[in-house]
Amino acid sequence: RPPLACAPPGACARSGGMASNQAIAYGGDETGALVLDVGSWTTRAGYAGEDTPKATFQTVVCPADAPSKSRKGGAKGKEKAAAAAGADGDEEMADADAITGAPKLAPAAAAARWRVGARAASLRHDDCPLSSPLAQDGTVADWDALEAVWDHALRERLGCDASAHPLMCSEPTVSDSKTREKMAELAFEQFNVPAFFLGKSAVLAGFATGRATGLVVDVGHNGASVTPVHDGYALQRCALRTAMGGEALSAAILAHLESKSVVVRPRYAFKKVENAAGEYDVSDVDVSKVHASFARYKQLEIMHDLKESVCVVSESPFDAEEMKSVPTASYELPDGTTLEMGAERFKLPECNFNPSLYSTFEDAPALKELPLWATPPDNGAAGKGPRSLPDMCLDAISLCDADVRRDMFANILLVGGGACARGFRERFEKAMGSHAPPGIKLRVVSPASGAERRHASWMGGSILASLGSFQQMWMSKAEYDEHGANLIDRKCP
């Protein structure tokens with residue numbers, strides 16, 4: 001999309017003649033703004049006003065100087081690496097000259113030092129650590145890696161010049177001023193965007209469903225969070241979170257399987273050869289040089305797929321005796337091993353409603369403790385381990401002012417990849433009904449499709465950044481030059 005050179009006729013009149021310079025520059029409904037949502041597992045990027053992100057890829061990086069290996073151990077050229085990456089939705093960009101006739105955009109300074117997305121995670125890299133630019137608590141752990149993720153999303157996946165488009169980014173509910181200022185510096189100094197905005201993920205998720213007020217329950221990869229939102233503002237002093245997310249559940253089921261002598265081998269760790277009978281003989285390959293972080297990441301990918309394929313949230317609380325008679329569900333590992341999942345496929349998602357079940361998985365790693373966003377009320381359960389999602393919702397609502405609590409109960413929004421499990425919304429609504437005060441109106445809503453639940457924050461940012469009434473909210477490059485990065489706290493509360 002070409003950059004918007006000036007406001008449409010009448011833009012100043014619509015804003016009452018009080019429009020600022022950046023409102024004139026970006027007024028109207030068509031700004032060509034970019035929306036970027038860097039999540040703990042997946043990054044999404046696209047244009048404002050569109051229904052779905054144009055690019056989605058894994059939020060993972062590895063150093064670019066690591067040699068790439070094929071799944072059989074041989075070296076691969078760029079063409080084969082791109083083909084392998086394409087299977088994961090992260091294809092190598094063709095030369096821009098062949099597509100648009102424009103010069104190929106130069107990468108950001110940090111981008112050349114990292115492989116991003118499928119280029120990092122789909123091909124085997126010996127002696128190369130795999131990492132995320134984000135820490136477990138959602139803060140930025142490596143700014144160079146984050147810059148590389150931004151560059152990969154905007155330049156390579158969208159193929160656009162960021163200096164010609166306003167940029168909206170999502171951020172956690174609670175983020176310190178230093179991090180927000182650094183984010184603004186990255187946008188204006190490294191990518192030279194004409195305007196920038198930081199939106200709270202919970203607020204953007206609410207806008208995706210047309211709600212400016214409500215309780216946003218986000219079940220993500222690194223954890224789950226509960227954020228009250230009122231009139232488009234996140235109530236940070238009432239937000240709560242737990243580390244019981246997709247990563248913790250995947251690690252628990254992986255440890256459980258390994259305790260039963262099940263070997264979870266990623267695709268790079270073996271080769272298949274068809275024999276005369278038409279069947280496949282599986283043999284191991286030498287993976288002694290593969291970094292432990294890469295092996296762990298590929299195993300967790302398999303566990304994520306296992307959860308999505310066979311796990312179901314039961315209608316009632318988990319009962320081990322009753323679940324002994326449930327039929328099993330089959331799941332085939334990449335090497336052809338077939339698993340029969342019985343009670344485990346119900347017990348795993350039940351951890352969101354009864355966290356004490358997490359420790360019943362054999363050899364499950366200790367659940368990490370995240371810094372508190374807000375102090376939950378002392379209801380006799382504080383200090384006794386992680387809280388269930390319904391309990392966290394009640395705690396968050398009780399921290400809100402009394403006059404907004406009814407609105408929170410009546411507008412509970414369930415989003416995130418972890419909320420895509422079959423039966424999750426129905427069970428959550430039932431659990432909230434039993435926890436809510438008598439006589440209160442309770443309503444739980446969730447996007448119909450799994451993609452909408454996963455991309456809720458991005459979709460809300462797409463809607464918000466395309467509104468004509470929002471254009472005066474951007475923090476412009478001129479304002480950044482005049483006031484500095486600390487203006488971000490006032491422009492993006």
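Report follows, based on the coordinates. (Residues numbered from 1 in each chain as written. Predicted model: local features only at pLDDT ≥ 70, side-chain atom pairs only at ≥ 80, totals over all residues. Heavy atoms only, no water.)

Here we look at unusual backbone geometry
And then number 1: Positive phi values are uncommon outside glycine, yet Asp-127 reaches one of about 50°.
And then number 2: As for its position among the elements, Asp-127 is in the loop between strand E7 (124–125) and helix H6 (143–157).
And then number 3: Look at Asp-127 and you get exposed, because its relative accessible area is 58%.
And then number 4: Of note, Asn-192 is a non-glycine position whose phi angle comes to about 55°, a positive value.
And then number 5: With respect to the secondary-structure elements, Asn-192 resides in the loop between helix H7 (177–190) and strand E9 (195–200). (Helix = DSSP H or I, 4+ residues; strand = E, 2+ residues; numbered from the N terminus. Buried < 20%, exposed > 50% of the residue type's maximum accessible area, 1.4 Å probe, protein only.)

Remarks on the side chain of His-455
And then number 1: Turning to its location among the elements, His-455 is positioned in the loop between helix H16 (450–454) and helix H17 (456–466).
And then number 2: What makes His-455 buried here is its relative accessible area of 14%.
And then number 3: Separated by 2.9 Å, the side chains of His-455 and Arg-44 make a polar contact.
And then number 4: Once residues within four sequence positions are removed from consideration, His-455 is found in contact with Arg-44, Pro-53 and Thr-56. (Polar contact = N/O pair within 3.5 Å; in protein donor to acceptor, adjacent residues only side chain to side chain. Contact = heavy atoms within 4.5 Å.)

Some words on the pairing of strand E18 (residues 412–415)
A regular strand carries its side chains on alternate faces of the sheet.
And then number 1: Of the two faces of E18, the one lined by Ile-412 and Leu-414 and the one lined by Leu-413 and Val-415 are each fully buried.
And then number 2: As paired strands, strand E10 (residues 214–219) and E18 are joined by four bridges and run parallel to one another. Looking at the pairing, Val-217 lines up with Leu-414 of E18.
And then number 3: Bridge analysis of E18 against strand E19 (residues 444–445) gives two bridges, and the strand direction is parallel. In the sheet register, Leu-413 faces E19, and the bridge partner there is Val-445. (Pairing = 2+ DSSP bridges.)

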